[in-house]
Amino acid sequence: MSDLTVRQLAEVVGIPLERLLSQLSEAGLEKGGADELLTDTEKMTFLNFLRQSHGKAEGDEAARGLRPCAAHPLREACAALRPLGLDVAVPQGLVGPAQLHGAAR
């Protein structure tokens, strides 16, 4: 990451400048104006503050990952066919009706 000004960070994140300045001061990063630079260390400090204020711990990696859904209807249908001697492979990822109808054509 490169150093950004407070104004640039507000534009990138998409929040008003005043709100970003108030959040920075809550995080302990006192910035006097919109044209002051934020270093990488300050950005990481701000990110950790936001994570803690929104209820996520600093090392909480499990909250970001997606869990496979065992109760997906396609997986249930495939499991029902296995005792009949039919083995249907379900691809990894999202498979919905649009993908199934598109593949059948």
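From a predicted model like this one, the values you see are computed outputs, not experimental measurements. (Residues numbered from 1 in each chain as written. Predicted model: local features only at pLDDT ≥ 70, side-chain atom pairs only at ≥ 80, totals over all residues. Heavy atoms only, no water.)

Trainee: Explain the overall build of the protein chain residue by residue, including any values.
Mentor: Each helix and strand counted, the protein chain has 5 helices and 2 strands in total. Listing each helix as α and each strand as β along the protein chain from the N terminus yields β-α-α-β-α-α-α. Buried residues in the protein chain amount to 19% of all 105 residues. Long-range pairs, those at least 24 residues apart, make up 44% of the contacts in the protein chain with a sequence separation of at least 6. (Helix = DSSP H or I, 4+ residues; strand = E, 2+ residues; numbered from the N terminus. Buried < 20%, exposed > 50% of the residue type's maximum accessible area, 1.4 Å probe, protein only. Contact = heavy atoms within 4.5 Å.)

Trainee: Please set out the packing of helix H2 (residues 17-26) against helix H3 (residues 40-53) residue by residue, giving values where relevant.
Mentor: For any two helices packed against each other, the geometry comes down to the angle between their axes and how far apart the axes lie. For the pair H2 and H3, interaxial distance at closest approach is 10 Å and the crossing angle is 90 degrees. As the angle between them shows, H2 and H3 are arranged roughly perpendicular. Residue-level inspection shows Leu20, Gln23, Leu24 and Glu26 of H2 in contact with H3, the latter providing Phe46, Phe49 and Leu50. (Axes fitted to C-alpha atoms, helices over the stretch in contact; angles between N-to-C directions. Parallel < 35°, antiparallel > 145°, perpendicular 65-115°, else oblique.)

Trainee: Explain the nonpolar core to me, using residue names and the numbers behind them.
Mentor: Inside soluble globular proteins, nonpolar side chains tend to come together where they are buried. Core analysis: the largest hydrophobic core is formed by 10 residues, namely Val6, Leu9, Ala10, Ile15, Leu20, Leu24, Ala27, Leu29, Leu38 and Phe46. When residues in this core are grouped by element, the largest group, 3 residues, is from helix H1 (residues 6-13). Apart from residues no more than four positions distant in its own chain, Leu24 is found in contact with Val6, Leu29, Lys31, Leu38 and Phe46. (Core = buried A, V, L, I, M, F, W, Y, C linked by side-chain atoms within 4.5 Å.)

Trainee: How would you sum up a nonpolar patch on the surface? Please name residues and give values.
Mentor: On the surface, Leu81, Leu84 and Leu86 cluster together into a nonpolar patch covering about 290 Å² of accessible area. One can find Leu81 in helix H4 (residues 73-81). (Patch = residues over 30% accessible without salt bridge, like charges linked within 9 Å, V, L, I, M, F, W, Y side chains within 5 Å. Areas by Shrake-Rupley, 256 points an atom, 1.4 Å probe, with all protein chains shown as cover. Salt bridge = Lys/Arg side-chain N within 4 Å of Asp/Glu carboxyl O.)

Trainee: So what's going on with H3? Which residues, and what values?
Mentor: For H3, which comprises 14 residues, the first-to-last C-alpha distance of 20 Å matches the rise-based estimate of 20 Å (1.5 Å per residue) to within 8%. Of the residues making up H3, those classed as buried are Glu42, Lys43, Phe46 and Asn48. Considering only its buried residues, H3 is in contact with strand E1 (4-5), H2 and strand E2 (37-38). Where H3 terminates, the next one or two residues include Gly55, which has phi positive at roughly 90 degrees. (Expected span 1.5 Å × (residues − 1).)

Trainee: Run through the pattern of salt bridges, naming residues and quoting values.
Mentor: Tallied over the entire structure, the rule returns 3 salt bridges. Arg7 is the partner of Asp35 in a salt bridge, and the nearest nitrogen-oxygen pair spans 3.5 Å. Of this pair, Asp35 sits in the loop between H2 and E2 while Arg7 sits in helix H1, and the two are 28 residues apart along the sequence. Salt-bridge contacts for Glu42 lead to Lys31; the nearest nitrogen and oxygen are separated by 3.1 Å. Linking Glu42 in helix H3 with Lys31 in the loop between H2 and E2, this pair joins segments that are 11 residues apart in sequence.

Trainee: Lay out the packing of H1 against H2 in plain terms, naming residues and giving numbers.
Mentor: Contact pair H1 / H2: the axes reach a minimum separation of 9 Å and the direction vectors enclose 110 degrees. Here H2 runs roughly perpendicular to H1, going by the angle between their axes. Regarding H1 and H2, the two cross each other, and that crossing is right-handed. Two secondary-structure elements touch here, H1 through Val6, Arg7, Leu9 and Ala10 and H2 through Leu17, Leu20, Leu21 and Leu24. (Left-handed = near helix turned anticlockwise from the far one by under 90°.)

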